[in-house]
Structure formats: C-alpha cells, structure tokens
Amino acid sequence: MITGEKTTNIEDLHDEILFQILRFLDGPALATTSCTTPRLQKIATDHDLWQQLCLSSFPSLRQSSLLLLQLNSNYQSFFSNVYPFSVPNPEPVGSDDAVKKPIGIFCAIDIHHKDDLIFSKLVEINLRSQSQFQWFLSSPFHIDVYNQLKQDEREHAPINPISPEELTLSWIVIVPTSSIRAANLSSRRPVSINKNPYTEETNIQFATVIGDYIASAMVTYCSETMQLLEVSLNMKGQDGAWLNGKDTLVAMRMASEGKRIGNWKEENVVVKVKERYWEYEKIKKEKMEKRVRIEWTVDMLLVLASVFIFFGFTAHVSYT
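Not measured: the values here are computed from a predicted model. (Residues numbered from 1 in each chain as written. Predicted model: local features only at pLDDT ≥ 70, side-chain atom pairs only at ≥ 80, totals over all residues. Heavy atoms only, no water.)

**Re the overall build of the chain**
Line of reasoning, step 1. When you go through the chain residue by residue, the secondary structure sums to 11 helices and 11 strands.
Line of reasoning, step 2. When each of the 320 residues of the chain is scored for burial, the buried share is 42%.
Line of reasoning, step 3. A fraction of 64% describes how many contacts in the chain between residues 6 or more apart in sequence connect residues 24 or more apart.
Line of reasoning, step 4. Accessible area for the chain stands at about 18,300 Å²; split by element, carbon and sulfur atoms hold 55% of it. (Helix = DSSP H or I, 4+ residues; strand = E, 2+ residues; numbered from the N terminus. Buried < 20%, exposed > 50% of the residue type's maximum accessible area, 1.4 Å probe, protein only. Contact = heavy atoms within 4.5 Å. Areas by Shrake-Rupley, 256 points an atom, 1.4 Å probe, with all protein chains shown as cover.)

Structure representation (structure tokens):
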C-alpha cells in the first residue's frame, strides 16, 4: 500500500522564515504578495520590510535622519509614490494651494549603472525662514548636485567605465508639509545621449513631462577620466525658459498628486515615457517656430509701414 506523502506549502513556514524570503522581493512583487492570503498580507506589509526596501532602492535617503523620521510613518505609501512613473492630473493645481510654505525640499538622487550604485546624494533646500522662501519663489529653479561635492570627494570617487544607455537615474523630490508629498521626476532611463565629438564628454538627459512643464536632469560623463562631471536638474516651460520656484512647486504638486503607472523595469512603460518627452519637444518646437513666424511678420509689417511713411513724408515735402 502506497501512502501519500505530506506536502509542505509556504503557509507551513515560520513567520520569520517567510519574512526573510520576502526581503528578496522588489516592490511590485511584495505588493502582489500582500494581496494573497491574510497571513502573507500581514508579513508583506511589515513596516521594517518596506523600510529596508526603500533604503536599499534609494540609498540617498539614509543621509538625513530628519527625513527618515518624517518618512517613518509609512514607507509602503512612500514607495508606492516614488517607484512608479507619475502621470500628472489633467486639471491644473491652483498656485495658491501649491505654494504653501514647506520647511524645505529634499532631493534624493541615486544613479545606477546596471545594478551598481555609482552616485548617491541627498540635497536639502532650506525654506524655514520667510526670506529664504520668498527668494526661492522668485528665483529660477536649478539644482547642480555634483558641484556641491567637496573636491577631495570627487578626486577619491573614481568609477569604472560605464555605458550611458545602461544608466538609471532616480530623482525623488520630497516636499514635507502637513503630509509628505513625493514624486520621482526622472524618466529613469535616458531620453537622449549626446557625445561631444571634440571632447570625451557625454551628456545624458533624463526628462519627465509634467503637464505643460518638463523636469530635465542632465548627467555629464567623461570617458577619459571615468568621472561624472555634472549632475543637475531644472524645470522648464514650453518656451524653454527655466521655471521659478513658485511654478516649480505647482509642477511638483501636480506630479505628487497624479496617478501612477508601471515602473522602470517595464520596457513598454519606459518607451511611453520617452515618447511623451519627444512629443513634448515636438510641440515646443512648433510653438517656437510659430512665434518666430509671427515676430518676423510683425517686423516686416513695421518695416513696410516705415517705408510708406518715409516716402509719403518725402512726397509731401516735395509737393509743398
């Protein structure tokens, strides 16, 4: 007589073993696991598990104890905001609602080459005083992260040769107000790569469209020295001009409150994000060309009007 062997399934494992297994999952897989059984849901939504996932995915967050304290309430919610791509709400956000004074703005920047972390930096824009906040609102928004590193940090931070197309950039903007607002303003994968034919420098652009605005991050890499030369972010409008701090807060609010789609491991979603950028560039180019044509037409009409006035005046003088 053959007796059936007792099978062991995942539910028979101890909670601690399950916890250690779930540590190896990424965010989407962990979220899916939490939707299976009540027991797995309890373990998969563990605070420590999501904290570890956030800090391993975005190492720059570790550089501020104040920020970690503010994020401590719900790492799972934070991850669900910054891991997928943001699709801003079609309805514009009122500027008065968006520019309520925060204590500051945090930018968490992490650059990976394949699976290797090659750059990690947390930048805080201090807006605690009213004068700092007013200056921020009226000034062009531009963050040059790499220039904020000390010279000795640059000299002792060599990296291996990289392939620009295999870089991924995460640029999370966090605005702590009465609640944490956060969004990842990077396309994660490059939207354009331009190598200077006269130097060894390569400009790698990451960009995300936010309504009528665009968040553009630039990474400049020198293949000769194998060093990053620049890591910067700015916000622009369709006229190509930099946004000031006030409009930037509006764009950040739109990004943080919009719905979320996919992630940077889904190739079809990454392609859509890149297509949105080039569609935006096409519309911007058409608007600029139209404006140039209008300005040219106005200039020509002014020239013709001046010519008619001149000859009319000349004829009148000759007649009299």
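**Comments concerning the sheet that holds strand β9 (residues 213-222)**
Line of reasoning, step 1. Overall, antiparallel pairing links the five strands, which are arranged β4-β10-β9-β8-β7 in an open sheet. Looking at which strands have only one partner, the edges of the open sheet turn out to be β4 (142-144) and β7 (192-195). Within this sheet the neighbouring strands show an average axis-to-axis angle of 15°, counted without direction.
Line of reasoning, step 2. Here four bridges tie β7 to strand β8 (residues 201-210), and the two strands are oriented antiparallel to one another. What sits directly across from Ile193, in β8, is Ile204.
Line of reasoning, step 3. The strands touched by helix α10 (residues 245-257) are β8, β9 and β10 (227-236); relative to β9, the strand with the most contacts, the crossing angle is about 95°. (Pairing = 2+ DSSP bridges. Axes fitted to C-alpha atoms, helices over the stretch in contact; angles between N-to-C directions.)

**Looking at the pattern of salt bridges**
Line of reasoning, step 1. One pass over the full model with this rule turns up four salt bridges.
Line of reasoning, step 2. Measuring nitrogen to oxygen at the nearest pair gives 3.9 Å for the salt bridge that ties Glu166 to Lys114. Of the two residues, Glu166 is situated in the loop between α9 (151-155) and β5 (167-176) and Lys114 in the loop between β2 (104-113) and β3 (116-126); the sequence distance between them amounts to 52 residues.
Line of reasoning, step 3. The closest approach of N and O atoms between Arg189 and Glu267, which form a salt bridge, is 3.6 Å. One end of the pair, Arg189, is in the loop between β6 (180-184) and β7; the other, Glu267, is in helix α11 (residues 267-319), with 78 residues separating them in the sequence.
Line of reasoning, step 4. Accessibility expressed as a relative area gives 27% for Arg189, which makes it partly exposed.
Line of reasoning, step 5. Exposure remark for Glu267: the relative accessible area of 47% places this residue in the partly exposed category. (Salt bridge = Lys/Arg side-chain N within 4 Å of Asp/Glu carboxyl O.)

**Some details on the pairing of β6**
Line of reasoning, step 1. Of all the five residues making up β6, four are buried; the element is thus mostly covered by neighbouring parts of the structure.
Line of reasoning, step 2. Here five bridges tie β5 to β6, and the two strands are oriented antiparallel to one another. Bridging across to β6, Ile174 finds its partner in Ala182.

**Observations concerning the side chain of Arg188**
Line of reasoning, step 1. Position of Arg188 relative to the elements: it lies in the loop between β6 and β7.
Line of reasoning, step 2. For the buried Arg188, no salt bridge is present, and the opposite-charge side chain at shortest range is Glu266, 10 Å distant.
Line of reasoning, step 3. Within the local environment of Arg188, its side chain forms a polar contact with the backbone oxygen of Pro84, the two atoms lying 2.7 Å apart.
Line of reasoning, step 4. Filtering out sequence-adjacent residues up to four positions away, Arg188 remains in contact with Val82, Tyr83, Pro84, Phe85, Leu167, Thr168, Leu169, Phe206 and Trp264. (Lys, Arg positive; Asp, Glu negative; His and termini not counted. Polar contact = N/O pair within 3.5 Å; in protein donor to acceptor, adjacent residues only side chain to side chain.)

**A short note on the sheet that holds β5**
Line of reasoning, step 1. Reading across from one edge, β3-β2-β5-β6 is the order of the four strands in this open sheet, with antiparallel pairing throughout. Each edge of the open sheet is held by one strand with a lone partner, namely β3 and β6. Within this sheet the neighbouring strands show an average axis-to-axis angle of 15°, counted without direction.
Line of reasoning, step 2. Two elements, β2 and β5, share eight bridges in a ladder whose sense is antiparallel. Within the sheet, the bridge partner assigned to Phe106 lies in β5 and is Ile174.
Line of reasoning, step 3. Where α10 meets the sheet, it contacts β2, β5 and β6, and its direction lies at approximately 85° from that of β6.

**What about the environment of Glu165?**
Line of reasoning, step 1. In this fold, Glu165 is placed in the loop between α9 and β5.
Line of reasoning, step 2. Glu165 sits 51 residues away from Lys114 along the chain, and the two C-alpha atoms are 9.7 Å apart.
Line of reasoning, step 3. Apart from residues lying up to four places away in sequence, Glu165 is in contact with Pro190 and Ile193.

**Quick word on helix α4 (residues 47-57)**
Line of reasoning, step 1. Restricting attention to buried positions, one finds in α4 the residues Leu49, Trp50, Leu53, Cys54, Leu55 and Ser57.
Line of reasoning, step 2. Looking at the buried side of α4, the elements it contacts are α1 (15-22), α2 (27-33), α3 (38-44), α5 (65-71), α6 (75-82) and β2.

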